[in-house]
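# A look at the structure
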Amino acid sequence: MTSAVIVNKSGIYYFTSISAIVRLMHEYFVFKVSPELKTDRDVIMYRAYVAQRKFGVVLDEVTPAAPPELLAVRMFADFLSNDSKR
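These notes cover the structure that comes with them. (Residues numbered from 1 in each chain as written. Predicted model: local features only at pLDDT ≥ 70, side-chain atom pairs only at ≥ 80, totals over all residues. Heavy atoms only, no water.)

### Looking at the side chain of Thr-39
Tracing the backbone shows Thr-39 in helix α2 (residues 35-51). A relative accessible area of 13% places Thr-39 in the buried class. The residues touching Thr-39, leaving out its near neighbours within four places in the chain, are Pro-67 and Glu-69. (Helix = DSSP H or I, 4+ residues; strand = E, 2+ residues; numbered from the N terminus. Buried < 20%, exposed > 50% of the residue type's maximum accessible area, 1.4 Å probe, protein only. Contact = heavy atoms within 4.5 Å.)

### Focus on the nonpolar core
Counting residues in each nonpolar core, the largest one holds 15 residues, and the members touching the most others are Tyr-46, Tyr-49, Val-50, Val-58, Val-62, Leu-70 and Val-73. When residues of this core are traced back to their parent elements, those giving at least two are α2, α3 (55-61) and α4 (68-81). Tallying contributions element by element places α2 first for this core, with 6 residues. The residues touching Leu-70, leaving out its near neighbours within four places in the chain, are Asp-42, Val-43, Tyr-46 and Val-62. (Core = buried A, V, L, I, M, F, W, Y, C linked by side-chain atoms within 4.5 Å.)

### Re the packing of aromatic side chains
Centre-to-centre distance and the angle between the planes together describe a pair of aromatic rings. Scanning the entire structure with this criterion turns up 1 aromatic pair. Relative to Tyr-49, the ring of Tyr-46 lies with its centre 6.2 Å away and its plane at 40 degrees, an arrangement referred to as tilted. On the criterion of helical spacing, the pair formed by Tyr-46 and Tyr-49 is a turn pair, its members being 3 residues apart in helix α2. Per residue, the accessibility class of Tyr-46 equals that of Tyr-49, and both read buried. (Phe/Tyr/Trp six-rings, centres within 6.5 Å; stacked < 30°, edge-to-face > 60°.)

### Focus on the packing of α2 against α4
One can describe the packing of α2 onto α4 by two numbers: an axis separation of 9 Å at closest approach and a directional angle of 10 degrees. Taken together, the axes of α2 and α4 are roughly parallel relative to one another. Residues Thr-39, Asp-42, Val-43, Tyr-46, Arg-47 and Val-50 of α2 touch α4, and the partners they reach there are Glu-69, Leu-70, Val-73, Phe-76, Ala-77 and Leu-80. The residue makeup of the contact of α2 with α4, split by class, is 8 nonpolar, 1 polar and 3 charged. (Axes fitted to C-alpha atoms, helices over the stretch in contact; angles between N-to-C directions. Parallel < 35°, antiparallel > 145°, perpendicular 65-115°, else oblique. Nonpolar A, V, L, I, M, F, W, Y, C, P; charged D, E, K, R; others polar.)

### Considering unusual backbone geometry
One non-glycine residue, Arg-53, lies in positive phi territory at about 65 degrees. Residue classification places Arg-53 among the exposed residues on the basis of a relative accessible area of 55%.

### Details of α2
End to end, α2 covers 24 Å across 17 residues, agreeing with the expected 24 Å (1.5 Å per residue, within 8%). Those residues of α2 that sit buried are Thr-39, Arg-41, Asp-42, Val-43, Ile-44, Met-45, Tyr-46, Ala-48, Tyr-49 and Val-50. (Expected span 1.5 Å × (residues − 1).)

Shown next as structure tokens:
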């Protein structure tokens, strides 16, 4: 089983399942939140997709107009998805 530790501004979280992170992030912030919190949520969720090797999801959903934090996750997913770039 894969596990992950997520560190952000508000704390450190330990998950025993990457899919639990994705599920939690889909349920998290169902109400209106600030753009900064939405970006934090999206970074954690897309990092979990990268950990699951679901690079296509990240590459399809993160656009060039996204915040820099998300573009970094997209660039990492692009790097890992292409063996020629490694």
